[in-house]
Amino acid sequence: MTSRDRMLTALHRGRPDRLPVTVHQWQPYHLHTFMTGMTDIEANAHCGLDASITYFETEPEESCADWRVELRRASGPAYDVIETVIETPRGRLMGKQGQNAMTTWVTEHLIKQPEDIRLLDYRPVPRLNRAGARAVYDRLGDGGILRTFLCGFQGGCWQDACELFGAENMILATYDDPDWVHEFMEILLRHKLRYIEQNLPGMPFDLIETGGGAASNTLISPAMHEEFCLPYDKRMHEAVRAAGFPSVYHTCGGMSKITHLIRANGCAASETLSPTGVGGDIGDDETARQVYRDLFPHVALIGGMDQVNLLEKGSPKQIEKEVERLFSLFGSQGGYILSASDHFFTAPPDNLKAFARAAQDCVY
């Protein structure tokens, strides 16, 4: 089987020739610092991994009288600050992000007052760079699968809201003003549904990523997830499916207590099966078995590997042992793509090669 065939077989909950093995999004910092500036496609081939490439690039925003965006960058000794100022007919939104060589993070939320959410209705729908997506698909060939996001900070409406207003503020608002939270979710969902309708049909994507760690049971309760995430996730996944694509629900955090909700939201695959060492709650074999029983064969599974304590800091022998364990827990019946649970920044290439070799020995 080619890498593409192998991964698509697993996504359809079948048994490929061997265990597919990949990583979750190569980071530019790691490619530049540890992989001699390779592209993500080249890095997968170099390490012997099955490629799972994420492409999300929108064309430059056209001038829009109702949504005028100005970005201001200030350099600092430790990190840069990017200030976003958005002018709308009914008011201004202002926010800030920090940025260093590895990542970005929110330092000032765009939404500060409850009424600010109504300004988001002025946002134009981003236009996907369709030619760019097709070019990446052609370069990838049989080397793996092509994924994309939906517009926003992450695919899920709840994750978007937490980035825009703050996770703590959102949690408090579910108690203080649940109607406002639902209004916020509807505004965000409408924008994503328009993006799906206008951008996805006819594109060569194999998987659409939704969800986000803010919806994990590490951060919010299952009851809160059921009320404020599930209804919007279901509608989003229905739209993705109607456009001809499977969706993968990304839960970088605890997921053992919301498996029934993941099943109910209509996704085709669930990730990240994160262990406790990277902020998840799959801390022992029994929890892993319970998650597996709850999800498979209803959805395919992706993830499981501790990308910090093992891929970055572990030995090849430790990695090999963990690959064997994860295969026995999640992959023995097929429908499983072994992957780093989330991003890494300092993993030695030799560890990534050991990761790939160990998975290649897990055959069906």
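Procedures and definitions
Residues numbered from 1 in each chain as written. Predicted model: local features only at pLDDT ≥ 70, side-chain atom pairs only at ≥ 80, totals over all residues. Heavy atoms only, no water. Pairing = 2+ DSSP bridges. Helix = DSSP H or I, 4+ residues; strand = E, 2+ residues; numbered from the N terminus. Contact = heavy atoms within 4.5 Å. Axes fitted to C-alpha atoms, helices over the stretch in contact; angles between N-to-C directions. Disulfide = S-S within 2.5 Å. Buried < 20%, exposed > 50% of the residue type's maximum accessible area, 1.4 Å probe, protein only. Core = buried A, V, L, I, M, F, W, Y, C linked by side-chain atoms within 4.5 Å. Phe/Tyr/Trp six-rings, centres within 6.5 Å; stacked < 30°, edge-to-face > 60°. Expected span 1.5 Å × (residues − 1).

Engineer: What is the right way to look at the sheet that holds strand S8 (residues 207-211) in this model?
Structural biologist: In a beta sheet, neighbouring strands pair by backbone hydrogen bonds and run either parallel or antiparallel. Taken in spatial order, the eight strands make up an open sheet running S1-S12-S11-S10-S9-S8-S7-S2, and their pairing is parallel. The open sheet has two edge strands with one neighbour each: strand S1 (21-22) and strand S2 (51-54). Where strand S9 (residues 247-250) lies against strand S10 (residues 269-272), three bridges are found, and the strand directions are parallel. From the neighbouring strand, Val 248 faces S10, where its bridge partner is Ala 269. Against the sheet, helix H1 (residues 3-11) makes contact with S1, S2, strand S7 (144-148), S8, S10, strand S11 (300-305) and strand S12 (336-340), and its axis sits at roughly 60 degrees relative to S7, the strand it touches most.

Engineer: How should I be thinking about the state of the cysteines in this particular structure?
Structural biologist: By definition, a disulfide links the sulfur atoms of two cysteines through a covalent bond. Counted by the stated rule, this structure contains zero disulfides. Left without a disulfide partner, Cys 47 is nearest to the cysteine sulfur of Cys 362, which lies 18 Å away. When its relative accessible area of 5% is taken as the criterion, Cys 47 is described as buried. With no disulfide of its own, Cys 252 lies closest to Cys 162 among cysteine sulfurs, the gap being 12 Å.

Engineer: Just checking my understanding: could you explain the nonpolar core for this structure?
Structural biologist: Generally speaking, soluble globular proteins have nonpolar side chains that are buried together. Grouped together as the largest cluster of nonpolar side chains are 97 residues, with contacts concentrated most on Trp 158 and Phe 184. Considering every element that reaches this core, the biggest residue donor is helix H7 (residues 178-199), with nine residues. Apart from the residues lying within four places of it in its own chain, the contact partners of Trp 158 are Met 170, Ile 171, Thr 174, Val 181, Met 185, Ala 214, Ala 215, Ile 220, Met 224, Phe 228 and Cys 229.

Engineer: Would you take a moment to explain the packing of aromatic side chains for this structure?
Structural biologist: Where two aromatic rings form a pair, the distance of their centres and the angle of their planes describe that pair. The final tally for this structure, using the stated rule, is ten aromatic pairs. Judged by centre distance (5.3 Å) and plane angle (50 degrees), the rings of Trp 180 and Phe 184 are tilted. With Trp 180 and Phe 184 both in helix H7, this residue pair falls four residues apart, about one helical turn. Trp 180 sits in the buried class, given a relative accessible area of 6%. Since its relative accessible area comes to 0%, Phe 184 is described here as buried. Three or more aromatic residues joined by ring pairs form one cluster here, namely Phe 56, Phe 149 and Tyr 195.

Engineer: Just checking my understanding: could you explain helix H13 (residues 349-360) for this structure?
Structural biologist: An α-helix turns once every 3.6 residues. As a result, residues three or four positions apart point the same way. Between the first and last C-alpha of H13 there are 17 Å, a value that for twelve residues agrees with the 16 Å anticipated at 1.5 Å per step. By the burial criterion, the buried members of H13 are Asn 351, Leu 352, Ala 354, Phe 355, Ala 356, Ala 358 and Ala 359. Considering only its buried residues, H13 is in contact with S1, helix H2 (28-34), helix H3 (40-47), S11, helix H12 (316-331) and S12.

Engineer: What should I look at first to understand unusual backbone geometry in this one?
Structural biologist: Generally, phi is negative for residues other than glycine and the peptide bonds are trans, each holding for most cases. Residue Pro 297 is reached from Phe 296 by a cis peptide bond, and omega for that bond is 15 degrees. With respect to the helices, strands and loops of the structure, Pro 297 is situated in the loop between helix H11 (285-295) and S11. Even without being glycine, Thr 36 reaches a positive phi, approximately 55 degrees. Look at Leu 273: it is not a glycine, yet its phi comes out positive at around 50 degrees. Structurally, Leu 273 is set in the loop between S10 and H11.

All quantities given are derived from atomic positions and should not be read as evidence of function.
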